[in-house]
Amino acid sequence: MPHLEKIEYKPISVRELFLEIKNLSELMIDLAYSAALFNDKELAEDVLELENRVDTLTYLLEMEIMIAARDPDDAEALVGVSKVASAADKISDAAADIAAIVTQNIGVHPIVSEVFEKVEERLTRAKVNESSILVDKQIGELDLAARMGVDIIAICRNKDWIINPKDIEPIKIEDVLIARGAPSGVKEFKALVEGKLRKLED
Amino acid sequence: MSPKLQKKFEEIVERFVELKDTSELMMDLAYSSLLLNSKELAEDVQELEEHVDKLHTDFELLVLSSGFKREEAKSFLGLIRLGVVTEKIADAAAEIAEVVLRGIKPHPVLKLAIEEAEETVTYVQVTENSMFVDKTLREVHIPEETGMWVLAIRRRGKYIRPKPHTKIESGDVLIASGYAEGEEDLKKLASP
C-alpha cells in the first residue's frame, strides 16, 4: 500500500494545476512504456510515485474549481475543466497500470523489447558513448526541442533515475537516456548519443 | 527461436505499436478539439475509439493464438495488459472529446494550458507564398524541419487526416503536435 498524502487545500491556480497534470500524465505514459519494455523496476516505481502526485494534484484542482464556481454559468464553464482533468488523471492511472506489469514481476517477453526498439519511432533509449559530442554538455544548451523536436525525459546514472531532468543537468559518459519526440529527430538523437553522429545541426 | 515464432512476435509488436500510436494520436486530437472547440475533430476521436476497440480485439486474439509455452504465459500476460492500457488511454481521449461534443465551450484556462504545455498542439495557416503550397507532406519534411507532426488539415471547412501523399494547398490550416519550440519554425514556413 503506498503512503497516501493528506490532502490540504493550497491556493494554486487552476491553470497551473491543470498544466502540471497534463504534462505529468504524458510524461508518465512514455516512462511507463520504457519501464515495461526494458523491464526496469526502478523506473516503474518512479512512475507509481508520479501517479500519487497526479492524484493529489487532481484533488487540489477539484477544490479550486469548487471555489471558483459562483453561478450556473461558471459551473457550466468549469465542469469541462474538471472532466478533462479527470481524463488526464485516467491517463496517469493507465501509465501506473503499465508500471505495475514490471513491479508485480509479470514482465513483457524479452523479444518484444528487441522488436519494439526497431519499430517504435517516437521513444528511444540510448547509452552515452565516450566519443559522443554530448558528453559534459548541459541539456539546456543542446536545444534539442528546437533543433530536432526531441526531449530527454529521463536519465539513468549509477542505477538512479533522474526524471524530467532540468536544463542545467549535464550529460555524462555511461548515462542511459530516454528521449521522445519526432521520429526523424529521435533517430538523429540516438546517433548523437552513441557517438555515431558527430555534428549538431541547426 | 524458430523463424516462424520470430515472425509471430514481430507481428504482435507491430500491432501493439499501431494500438499505442493510435491511442496517442487520439490524445493529441482530443486536446486539439478542445483548443479549437471543434466538434469535427472531437467526432474523429470518437470514431478512432471504435477503431481502437477493433484493433485491440485483433491484438488480443493474435497474442492468445501465438502458441506460447506454459513458462512463457507470464510475459504474454504482460503483453495483454499493455493492450488493455492502450484501450484505457483511448477511452480517456474520448472523454476529453466528449466535453466538446456536449457543447461545453472549453474554458480559457484549458486553452492556455494546452498552449503552454511541454507537448503542445498548434495550428497555422498556409499562405500563398509558403514553400509548402502544392507540395506533398512527404516532400516538405515538416517533422525534420520543425520537430512537429501534422495531425489534421483543415481545408474549406473540412478536416482531412494527413497521408504522406497529401498535397498542401494555400489556405490550408495545419493542426500539428510537438514541442512548443517547433511552433515558431512551423509558423515561419507555413506563413512566411
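All of these numbers come straight from a predicted model, not from anything done at the bench.

> Can you explain the overall build of chain B? Please cite residues and give values.
Each helix and strand counted, chain B has seven helices and four strands in total. N-terminal to C-terminal, the α/β element order of chain B is α-α-α-α-β-α-α-β-β-β-α. Here the C-alpha coordinates of chain B stretch approximately 60 × 40 × 30 Å along the principal axes. For chain B, buried positions account for 44% of its 192 residues. Excluding contacts between residues fewer than 6 apart, the proportion of contacts in chain B whose partners are at least 24 apart in sequence is 78%.

> Outline the nonpolar core, supporting the account with residue identities and numerical values.
One finds A:Phe18, A:Ala32, A:Val47 and B:Ala93 to be the most contacted residues of the largest nonpolar core, which totals 122 residues. Per element, the largest residue contribution to this core is 15 residues, and it comes from helix H1 (residues 14–37) of chain A. When sequence neighbours within four positions are dropped, the list of residues in contact with A:Phe18 reads A:Leu61, A:Val81, A:Ala85, B:Val109, B:Leu110 and B:Ala113.

> Help me get a handle on the pairing of strand S3 (residues 160–163) of chain A, residues and values and all.
Note that strand S2 (residues 150–157) of chain A and S3(A) share four bridges and pair antiparallel. In the strand pairing of S3(A), A:Ala154 is matched with A:Ile163.

> Outline the confidence of the model for chain A, listing residues and values.
Per-residue pLDDT for chain A averages 89, and the proportion of residues at 70 or more is 98%. The least confident element of chain A, judged by mean pLDDT, is helix H4 (residues 110–119) of chain A at 79; the most confident is helix H3 (residues 72–103) of chain A at 94.

> Describe the interface of chain A and chain B, listing the residues and the values that go with them.
Counting from both sides, the interface comprises 43 residues of chain A and, opposite them, 44 residues of chain B. Of all the secondary-structure elements, those providing two or more residues to the side of chain A that touches chain B are H1, H3, H4, helix H6 (144–148) and helix H7 (183–193) of chain A. Per-element accounting of the side of chain A that touches chain B gives the leading share, 15 residues, to H3(A).

> Before we move on, could you go through the sheet that holds S3(A) and cite the residues and values that matter?
Sheet strands pair by backbone hydrogen bonding; their relative direction is either parallel or antiparallel. Residue and element names in this part refer to chain A. The strand order across the open sheet built from four strands is S1-S4-S2-S3, with neighbouring strands paired in antiparallel fashion. Edge strands, defined here as strands with exactly one partner in the open sheet, are strand S1 (123–127) and S3. Here the average twist between neighbouring strands, direction ignored, is 25°. Inspection of the sheet shows S2 paired to strand S4 (residues 176–181) by six bridges, in the antiparallel sense. Within S4, the position partnered with aspartate 151 by the bridge is arginine 180.

Thresholds applied
- Residues numbered from 1 in each chain as written.
- Chains lettered and ligands numbered in written order.
- Predicted model: local features only at pLDDT ≥ 70, side-chain atom pairs only at ≥ 80, totals over all residues.
- Helix = DSSP H or I, 4+ residues; strand = E, 2+ residues; numbered from the N terminus.
- Buried ≥ 20, exposed ≤ 12 C-beta atoms within 10 Å, placed from the backbone.
- Contact = placed C-beta atoms within 7 Å.
- Core = buried A, V, L, I, M, F, W, Y, C linked by C-beta atoms within 7 Å.
- Pairing = 2+ DSSP bridges.
- pLDDT = per-residue confidence, 0-100.
- Axes fitted to C-alpha atoms, helices over the stretch in contact; angles between N-to-C directions.

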